[in-house]
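The chain contents come next:
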Amino acid sequence: GRPEDAVSHLRHVVTTNPAHGEAHTRLGQLFATAAQAAAAVAHLRHALRIDPDALSALKSLAWMLAVHPEEKIRDGTEAVLHAQRALTLSGPTDAQALDVLAAAQAEAGRFADAVATAESALAVLNDGAAALVTTSIRPRRNPYRKNRPFRAAWK
């Protein structure tokens, strides 16, 4: 609940130990929520240079590159690569990874794939995940059907 303190501590960690991938991932995620997209992307990419299989970094970076409202941040091709790697690591029943991949595919102009992937995400969800279906995956699927990518609202 104190993101400024977390950023301060994580900056200290990466200064004293630049190879601490999880600290870079967390910094990237914090910067993303603080609308510091360039810093977020830089830290997430750094985390993946340290550990190419860092699932949280893969999903976070793919999401930013796919749905960020600023065109200079988005890169559909790179987003798809990271999202596909995340799905490979997490398995075909990871609805979040499927959702991220669908958004990345849409950003890359692969709308039919995005619709199919979003449908796969919906298919693997159980009743306990109804909120995820209602608030995220189902509404995002509609723009894909109209050959439009999803854009997230960013602070």
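This structure is a prediction, so every number in the text was calculated from the model and none was measured.

Cut-offs applied
Residues numbered from 1 in each chain as written. Predicted model: local features only at pLDDT ≥ 70, side-chain atom pairs only at ≥ 80, totals over all residues. Heavy atoms only, no water. Helix = DSSP H or I, 4+ residues; strand = E, 2+ residues; numbered from the N terminus. Contact = heavy atoms within 4.5 Å. Areas by Shrake-Rupley, 256 points an atom, 1.4 Å probe, with all protein chains shown as cover. Axes fitted to C-alpha atoms, helices over the stretch in contact; angles between N-to-C directions. Parallel < 35°, antiparallel > 145°, perpendicular 65-115°, else oblique. Left-handed = near helix turned anticlockwise from the far one by under 90°. Nonpolar A, V, L, I, M, F, W, Y, C, P; charged D, E, K, R; others polar. Buried < 20%, exposed > 50% of the residue type's maximum accessible area, 1.4 Å probe, protein only. Core = buried A, V, L, I, M, F, W, Y, C linked by side-chain atoms within 4.5 Å.

K.L.:
Break down the overall build of the chain for me, with residues and values.
P.N.:
Of the regular secondary structure elements, the chain holds eight helices and zero strands. Sequence-distant contacts, at least 24 apart, represent 50% of the contacts inside the chain between residues at least 6 apart. Total accessible area on the chain stands at roughly 7,900 Å², and carbon and sulfur atoms take up 53% of it.

K.L.:
Explain the packing of helix α2 (residues 21–33) against helix α3 (residues 37–50) to me, using residue names and the numbers behind them.
P.N.:
How two helices pack is summed up by the angle between their axes together with the distance between the axes. Contact geometry for α2 and α3: axes closest at 7 Å, N-to-C directions at 160°. One finds that α2 runs roughly antiparallel with respect to α3. You can see that α2 and α3 cross each other, and the crossing is left-handed. From α2, Gly21, His24, Thr25, Leu27, Gly28, Gln29, Phe31 and Ala32 reach across to α3, where they touch Ala37, Ala39, Ala40, His43, Leu44, His46, Ala47 and Ile50. Taken together, the residues that form the contact of α2 with α3 break down as nine nonpolar, seven polar and no charged.

K.L.:
Summarise the side chain of His68; cite the residues concerned and give the values.
P.N.:
Counting through the fold element by element, His68 comes out in the loop between α4 (55–67) and α5 (76–90). Setting aside its immediate chain neighbours within four residues, His68 contacts Ala37, Trp63, Ile73, Arg74, Arg151 and Trp154.

K.L.:
Can you break down unusual backbone geometry residue by residue, with the values?
P.N.:
Of note, the phi angle at Asn147 is positive, near 60°, even though the residue is not glycine. Secondary-structure assignment places Asn147 in the segment after α8 (130–145). A residue is classified by how much of its surface remains accessible, and Asn147, at 53% relative accessible area, is exposed.

K.L.:
So what's going on with the environment of Ala114? Residues and values would help.
P.N.:
Residue placement: Ala114 occurs in helix α7 (residues 111–124). Accessibility expressed as a relative area gives 0% for Ala114, which makes it buried. Through-space distance from the C-alpha of Ala114 to that of Arg141 is 7.7 Å; in sequence the pair is 27 residues apart. Excluding residues within four positions of it along the chain, Ala114 makes contact with Ala102, Gln105, Ala106 and Tyr144.

K.L.:
Now, about the nonpolar core: what can you tell me, with residues and values included?
P.N.:
Core analysis: the biggest nonpolar cluster contains 45 residues, and Met64 and Tyr144 have the highest contact counts within it. At the level of secondary structure, the elements contributing two or more residues to this core comprise α2, α3, α4, α5, α6 (95–107), α7 and α8. For this core, the element with the highest residue contribution is α6, accounting for nine residues. Setting aside its immediate chain neighbours within four residues, Tyr144 contacts Ala102, Ala103, Ala106, Phe111, Ala114, Val115, Ala118 and Phe150.

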